[in-house]
Amino acid sequence: DSMEAPRYDDETGAPLNEAARALIEKGKSDSGAGGGAGAPSGSSALAGIPEVDIAEGKWKYVQIELSCKDGSGGKETKRVVRNTQGLAYHPDMYHAAMDKLERQGLKHVKGHVIGGGRIEYYPEQKTISIYGYSKSF
């Protein structure tokens, strides 16, 4: 894929190019990682996905509602919180989280962003602060 890197306004979080607009749209829709095969029958595809996966330090984060078909043809959902050290924007956090699921063989899991903000997490001091909101989502 030769798409240019997404760029965002540092003040408003607004997308500055088509790559950024597309990533935000994907995060707002229920498309997630993309449509692969259905969930494996007899087990929950979402059960093995941790609710929280966050980096130490001060970073933006996104809350994502994941979904996939369950064994009986219904829809299973799970809310997760994700961030990645070194990423500056909420859409990038979403993209990294969904890309990780896809690399783990969970292409059938879809996700959309339902919120975001900032997390300051310092496990040595046993402190965590969650505040703010996502301008992109």
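Preceding this section is the structure that the text describes.
Let us look at the structure shown here. Each chain carries its own residue numbering, running from 1 in the direction its sequence is written. Where totals are concerned, whole chains, interfaces and linings use all residues; where local detail is concerned, this predicted model gives features only for residues with pLDDT of at least 70, and gives and counts side-chain atom pairs only at 80 or more. Each side-chain value is derived from all of the structure's non-hydrogen atoms; neither hydrogens nor water enter the calculation.

## Some words on the overall build of the protein chain
Let me state the cut-off plainly: The numbering of helices and of strands both runs from the N terminus, where a helix is a DSSP run of H or I of at least 4 residues and a strand a run of E of at least 2. A 1.4 Å probe rolled over the protein chains alone gives each residue an accessible area, and that area as a share of the maximum for its type sets the label: buried under 20%, exposed over 50%, partly exposed in between. By definition, residues are in contact when any of their heavy atoms lie within 4.5 Å. Accessible surface area values rest on a Shrake-Rupley calculation with a 1.4 Å probe, where residue burial reflects the displayed protein chains alone.
When you go through the protein chain residue by residue, the secondary structure sums to two helices and five strands. Overall, the protein chain shows an N-to-C arrangement of helices and strands of α-β-β-β-α-β-β. With 137 residues in all, the protein chain has 37% of them scored as buried. Within the protein chain, residue pairs in contact and separated by at least 24 positions form 65% of the contacts whose partners lie at least 6 positions apart. Total accessible area on the protein chain stands at roughly 7800 Å², and carbon and sulfur atoms take up 48% of it.

## Some words on the pattern of salt bridges
The cut-off we apply is this: By salt bridge we mean one thing: a side-chain nitrogen of Lys or Arg within 4 Å of a carboxyl oxygen of Asp or Glu.
In the structure shown here, the tally under the stated rule is five salt bridges. Close ionic contact of Asp53 with Lys100 constitutes a salt bridge, the shortest N to O distance being 2.9 Å. Of this pair, Asp53 sits in strand 1 (residues 52-53) while Lys100 sits in helix 2 (residues 90-103), and the two are 47 residues apart along the sequence. For Asp53, a relative accessible area of 28% puts it in the partly exposed group.

## Re helix 1 (residues 18-28)
Counted only if it meets this: Throughout, the arc means the angular range of directions from the helix axis out to the C-beta atoms.
Where helix 1 is concerned, the buried positions are Ala19, Ala20, Leu23, Ile24 and Gly27. Buried residues along helix 1 cover an arc of 130° about the axis, so they all sit on one side. On its buried side, helix 1 packs onto helix 2 and strand 4 (110-122).

## Some words on the pairing of strand 4
The criterion, for reference: Strands qualify as paired when DSSP identifies two bridges or more between them.
For strand 2 (residues 57-69) and strand 4, the ladder comprises 11 bridges, and the chain directions are antiparallel. By the bridge assignment, Val62 is partnered in strand 4 with Gly116. In terms of strand pairing, strand 4 meets strand 5 (residues 127-131) through five bridges, oriented antiparallel. Within strand 5, the residue paired with Glu120 across the bridge is Ser129. Between strand 4 and strand 5, which pair antiparallel and follow one another directly, the connecting turn spans four residues, one of which, Lys126, has a positive phi of 60°.

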